[in-house]
Amino acid sequence: MSSVQSISMASMRSHRNIPETKTGSITPEERRATYRTIAELAIPTFGQLIASPLFVMIDTAIVGHISDSALAGLSIGSTVVLTTVGLCIFLAYGTTSQVAQLMGAGRRREGMQAGVDGMWLAFVIGLVVCALLLALSRPICSLMGARGPVLQAAQTYLNALVFGLPAMLMVYAANGIFRGLQKVKITLVAAVSGAILNTALEVLLVFGLHMDILGSGLATLIAEWAMGLFLTIPALVWARREGAQLRPRLSGMAASMGDGFPLFLRTLALRVCLFMTVVAAAHLGEQVLAAYQGVNSAWNFGLNMLDAVGIAGQSLVATELGAGRRSRARVMTDLSAKAGMAMGVLVGLVMIALGLFAAPLFSPTPAIRSLITVGMIVQGVFMPVAGWMWALDGILIGAGDYRYLAATCSLTAVIYLIGLLGMTALAMNWTPTWRIAMLWAVLNVLFIGVRAICNGLRTRTDVWMGTISQVKEA
């Protein structure tokens, strides 16, 4: 038996006891078994997802003790990097769905070939984006509102970090293979190892060699390439064992790009919202921007815990739909959404605790620590809704419902940006405390809330399940 076949059979055994019924009802024992399966997939998946946010969170904790302007500059530079990486998330999401669907249909070699094509596409995109950001780093940071020492810090950090983009994008594509095969423990090992290496290098370069924010960027760059090599090499080895071609195929790369284009539009709309949120924070003052970075780094970390649940559900549902088991897919959808909300409650409580007791980790300035506390509490309150929404988002991606997501996320962007601009104009007369509180409140009510409504309405129907048919019939 091939390694990929054994992986697929093992994953199916973990939840095959869920019956194919018209109502989709299951026993309590089967429900608990499904939750265990989601946890078994979500915990290791979280390892890969937190790579970039964890690196930025480590950077934030260390750079925050250099100066307020360095922390504000990090907010600008890291936003550019995370936005760029986020725009290419289709490399992972699209590959995950393709591999899982094809595995469910028994077409293993084709699934692995789709993963290899995605990795080549990621490498090419990484090189192009790296060159563009290197040439345009200062104008981009200036456009976002950075001035003086903040602009210099942002540009320095960004110029160091962009050389790691090809590695990080290849990691995203490689993990599409791992997730689709439901073999994700290796991603947790890679993330933990990368975080340890990044932290050690940060302390050495920033405090030991006194390289300040440049040392922070270089440390993250080295950790990204170490993680990239650790994950892409075994992904290619497993693909080769299944008969996939390792050389670049223009037709395969074009197919990956075409399949991922609606996902790119979806992510572009969302990233524009987050990008403009940082711009708004910059216009609300240096202290608000610095505090925003502290809250945002923790928020991104927490969101990836929610995303891990969504991706676990994505993989399970895509496999069931690929095999034609729609009732079982419905059961997986309902349970994944509940698991996402439960995770949101947990993450929300942790964020509130961080805001109350751990704000000094992000800044030695009392005023900024106070603003971080307020932002963390606001975020924690809304986390359960975010957890439910993120789980459904992953389900719809796994089903290939890309066009609906692109349309609804574009609608969300329009609504959110109007609300953000209105809030920013009014907030100029408010205290910094009210500015940071309302900034995060608007983000949650409009950016998260509108998407939650759209995803909830979609999954109440069966239309989204029909988007899988082209994979089985291909």
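Above this note sits the structure.
None of the values given here were measured: they were computed from a predicted structure. In this numbering scheme, every chain counts its residues from 1 along its sequence in written order. Restriction of local features to residues with pLDDT of at least 70 applies here, the model being predicted, together with a cutoff of 80 or more for giving and counting side-chain atom pairs; totals for whole chains, interfaces and linings are based on all residues. Excluding hydrogens and water, the side-chain values take into account all heavy atoms of the structure.

Asks: Which parts of the structure should I look at to understand the pattern of salt bridges?
Replies: Opposite charge on two side chains permits them to pair, given that their charged atoms come into close proximity. Definition used for salt bridges: Asp or Glu carboxyl oxygen within 4 Å of a side-chain nitrogen of Lys or Arg. Within this structure, the stated rule accounts for four salt bridges. The partner of Asp401 in a salt bridge is Arg458, with the nearest N and O atoms 2.7 Å apart. Note that Asp401 is positioned in the loop between helix 14 (366-398) and helix 15 (402-427) and Arg458 in helix 16 (residues 432-459), a separation of 57 residues in sequence. Only protein chains enter the area calculation, which uses a 1.4 Å probe; residues under 20% of their type maximum are buried, those over 50% are exposed, and those in between are partly exposed. By relative accessible area, Arg458 is classed as buried at 17%. Each of Arg266, Asp393 and Arg451 takes part in salt bridges that share partners, so that together they form one network. Strands here are runs of E lasting at least two residues and helices are runs of H or I lasting at least four, both read from the DSSP assignment and numbered beginning at the N terminus.

Asks: I'm lost on the packing of helix 4 (residues 68-87) against helix 7 (residues 148-161) in this one. Help?
Replies: Geometry of a packed helix pair, given as the angle between the helix axes and the separation of the axes. To obtain each axis, a line is fitted to C-alpha atoms, and for helices this fit is confined to the stretch in contact; angles are then taken between N-to-C directions over 0 to 180 degrees. Direction vectors running N to C along helix 4 and helix 7 enclose 45 degrees, while the axes themselves pass 7 Å from each other. Classified by the angle their axes make, helix 4 and helix 7 are oblique. Crossing of helix 4 over helix 7 shows right-handed handedness. Contacts between helix 4 and helix 7 involve Ser69, Ala70, Ala72, Gly73, Leu74, Ile76, Gly77, Ser78, Val80 and Val81 on the former and, on the latter, Pro149, Val150, Ala153, Ala154, Tyr157, Leu158 and Leu161. Looking at side-chain class alone, the contact of helix 4 with helix 7 contains 13 nonpolar, four polar and no charged residues. Here is the rule for angles: anything less than 35 degrees is roughly parallel, anything more than 145 is roughly antiparallel, 65 through 115 is roughly perpendicular, and the remaining ranges are oblique. The crossing is said to be left-handed when, going from far helix to near helix, the turn is anticlockwise and less than a right angle, and right-handed when the turn is clockwise. Contact definition: two residues touch when any of their heavy atoms are within 4.5 Å. Each residue is assigned to one class: nonpolar for Ala, Val, Leu, Ile, Met, Phe, Trp, Tyr, Cys and Pro, charged for Asp, Glu, Lys and Arg, and polar for all the others, Gly among them.

Asks: What is the right way to read the packing of aromatic side chains from this model?
Replies: Geometrically, a pair of aromatic rings is defined through the distance of the ring centres and the angle of the planes. In this scheme Phe, Tyr and Trp rings, the latter by its six-membered ring, pair at centre separations within 6.5 Å, and the angle between planes marks the pair as stacked below 30 degrees, edge-to-face above 60, and tilted otherwise. A full pass over the atoms with the stated rule returns four aromatic pairs. Put simply, the rings of Tyr292, Trp299 and Trp440 pair up and form one aromatic cluster. Charges are assigned to positions over rings by a cutoff of 6 Å between ring centre and Lys NZ or Arg CZ, combined with an angular limit of 35 degrees from the ring normal. A cation sits over an aromatic face here: Arg451 above Phe447, 5.4 Å from the ring centre.

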